[in-house]
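Letter by letter, the chains look like this.
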Amino acid sequence: MSLGFFAGQNRNEVVIVPPGEGPSRWAFGDRYTVKSGEHNTGKSLFLIEALVPEGGGPPLHIHHWEEEAFYVLEGTVEFRDRHGKHEAPAGTFVYVPRGTEHAFKNISSEPAKMLFLTLPGGKERFFLNVGVPADDDTPPPSEEQRLKDVAYGYEVGPEFGDEYLE
């Protein structure tokens, strides 16, 4: 039996999402590919693969509904919190409790690749709502589109438990 992307609500089933599969969106200038969410693991968790271009990353924000964790796979990312800036090269794990202000920025000259995990799940609704489709051949958005995404994120963020601070 092949378990593809839309494997159900994880009712005692293994969920397998092969490389390159899952809906992708450009949001805030970054490419996000949803690997796990309500569609295949219920509300237990959300996992997204991020490709963040040089200088990319979201503005300072707070998630009021979820815990969030990051794992840097490639590149070096700078995380910011109320204590300052922290360099996170590949292999770094970062945990952000709900209600904690944070931001990140790719400080590498190449795209950074990261995994984001939120508990509980459901955060994919934000990314699928805010972003524009990012198929394999879809180029990154223009700076104008990126700024529109950021403005729209500020507008709808509270609907998803998010507060943008800058």
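Residues numbered from 1 in each chain as written. Predicted model: local features only at pLDDT ≥ 70, side-chain atom pairs only at ≥ 80, totals over all residues. Heavy atoms only, no water.

1. Describing the sheet that holds strand 1 (residues 24-27)
Within a sheet, neighbouring strands are paired by backbone hydrogen bonds and run either parallel or antiparallel to one another. Note the following rule: At least two bridges found by DSSP between two strands are what make those strands a pair. Secondary structure elements are defined from DSSP: runs of H or I of at least 4 residues count as helices, runs of E of at least 2 residues count as strands, and each element is numbered from the N terminus.
One open sheet holds the seven strands; their spatial order is 8-5-10-3-2-1-11, and the pairing between them is antiparallel. Taken across any chain shown, the strands that pair with only one partner, and hence form the sheet edges, are strand 8 (93-96) and strand 11 (132-133).

2. Structural notes on the sheet that holds strand 9 (residues 103-106)
Selection rule: Axis geometry follows a simple rule: fit a line to the C-alpha atoms, using only the stretch in contact for helices, then measure angles between N-to-C directions, giving values from 0 to 180 degrees.
Here we have three strands laid out as an open sheet, ordered 7-6-9, and antiparallel in their pairing. Of all the strands in the sheet, the pair left with one neighbour each is strand 7 (84-89) and strand 9. Averaged over all neighbouring strand pairs, the angle between strand axes comes to 25°, with direction disregarded. Relative to strand 9, strand 6 (residues 76-81) is paired through four bridges, and the arrangement is antiparallel.

3. Section: the environment of Phe79
Going by this rule: The buried label applies to any residue whose accessible area, calculated with a 1.4 Å probe on protein chains only, is under 20% of its type's maximum; exposed applies above 50%, and partly exposed to all values in between. Note on contacts: a residue pair qualifies if any of its non-hydrogen atoms lie within 4.5 Å across the two residues.
When you line up the elements, Phe79 lands in strand 6. According to the relative accessible area criterion, Phe79 is buried, its value standing at 4%. Along the chain, Phe79 and Asn106 lie 27 residues apart, while their C-alpha atoms are 8.9 Å from each other. Aside from chain neighbours lying at most four places away, what touches Phe79 is Phe70, Val72, Gly84, Lys85, His86, Ala88, Val94, Ala103, Phe104 and Met114.

4. A few points about unusual backbone geometry
In this chain, Leu119 is followed by Pro120 through a cis amide linkage whose omega measures -5°. Along the polypeptide, Pro120 turns up in the loop between strand 10 (112-119) and helix 2 (124-130). In this model, Phe28 sits at a positive phi of 60°, which is unusual for a non-glycine residue. Following the sequence through the fold, Phe28 ends up in the loop between strand 1 and strand 2 (30-36). Relative accessible area serves as the criterion here: at 3%, Phe28 is assigned to the buried category.

5. Concerning the pattern of salt bridges
Rules: Any carboxyl oxygen of Asp or Glu that lies within 4 Å of a side-chain nitrogen of Lys or Arg is treated as forming a salt bridge with it.
Counting across every chain of the model gives six salt bridges. We note a salt bridge from Lys43 to Glu38, for which the minimum N-O separation is 3.6 Å. Judged by relative accessible area, which is 59%, Lys43 ranks as exposed. Between Glu144 and Lys148 there is a salt bridge, and its shortest N-O distance comes to 3.7 Å. Note that Glu144 and Lys148 are positioned in helix 3 (residues 143-156) at a spacing of four residues, about one turn of the helix. In this structure Glu144 comes out as exposed when scored by relative accessible area, which is 54%. Here the salt bridges share partners, and the residues they tie into one network are Glu38, Lys43 and Arg125.

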